[in-house]
Amino acid sequence: MADSQLFEETFNITSLNNQKYDRVSRISGTSTDNTTSMTLDINHELYPITVGENVQMVLASTLNLDGTKNDKGWRELGRHGESTLADMYDYVCHGKVYRFEEGDGDAIKVYCSFGGLLLYIEGPYKKLTPLRIDYVYMLLKK
């Protein structure tokens, strides 16, 4: 299971802005060790969240528990009784990593899009380097 997980971190939600869109909030948070920060657009009707809550985020290359690549569409996974990584989380999205930027010192910035809902992560190079792939699954749970 660990082979498919590219990034795992627990974030404390520090701000929430839901004024621009009806169903989307932009949340920001910092990791519990204060080395990584993130900003994420989230559908707050599907996954309500408030400032001060902790959210565990995993970015994975596949939802298969054994780490193998998906041989069928991501919506077909788990329909035939087999367990997937998504079963352990409350909010799951599939998207594209579309940009990397060098940050200050050993920090880098990673940008992902999940059907228009954006994720921005800034943190240490060693933590975020595994995200240099095209497509990822984002999984969240409180």
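As recorded in an unreviewed UniProt entry, the chain goes by the name DNA-directed RNA polymerases I, II, and III subunit RPABC3, listed as coming from Lepidopterella palustris CBS 459.81. Looking at the chain in UniProt, the text filed under Subcellular location (unreviewed entry) is "Nucleus". The UniProt entry for the chain carries the following comment under Function (unreviewed entry): "DNA-dependent RNA polymerase catalyzes the transcription of DNA into RNA using the four ribonucleoside triphosphates as substrates. Common component of RNA polymerases I, II and III which synthesize ribosomal RNA precursors, mRNA precursors and many functional non-coding RNAs, and small RNAs, such as 5S rRNA and tRNAs, respectively."

A.B. asks: Explain the pattern of salt bridges to me, please; I cannot follow it from the model alone.
C.D. replies: Between side chains of opposite charge, a pair can form as their charged atoms come close. One pass over the full model with this rule turns up six salt bridges. For glutamate 101, the salt bridge goes to arginine 99, with nearest N and O atoms at 3.3 Å.

A.B. asks: Looking at this structure, I do not really get the pairing of strand β2 (residues 24-31). What am I missing?
C.D. replies: Every regular strand shows the same layout, with side chains that alternate between the two sheet faces. Within β2, six of the eight residues are buried, which leaves the element mostly enclosed by the surrounding structure. Sheet topology places strand β1 (residues 5-17) next to β2; six bridges connect them, and they run antiparallel. The residue of β2 that forms the bridge with phenylalanine 11 is serine 31. Pairing geometry for β2 and strand β3 (residues 37-43), over seven bridges, is antiparallel. From the neighbouring strand, isoleucine 27 faces β3, where its bridge partner is leucine 40. Connecting the antiparallel pair β2 and β3 is a turn made up of five residues, with asparagine 34 showing a positive phi of about 60°.

Thresholds, definitions, all that
Residues numbered from 1 in each chain as written. Predicted model: local features only at pLDDT ≥ 70, side-chain atom pairs only at ≥ 80, totals over all residues. Heavy atoms only, no water. UniProt positions renumbered as here; feature names shortened; annotations may be inferred. Salt bridge = Lys/Arg side-chain N within 4 Å of Asp/Glu carboxyl O. Buried < 20%, exposed > 50% of the residue type's maximum accessible area, 1.4 Å probe, protein only. Helix = DSSP H or I, 4+ residues; strand = E, 2+ residues; numbered from the N terminus. Pairing = 2+ DSSP bridges.

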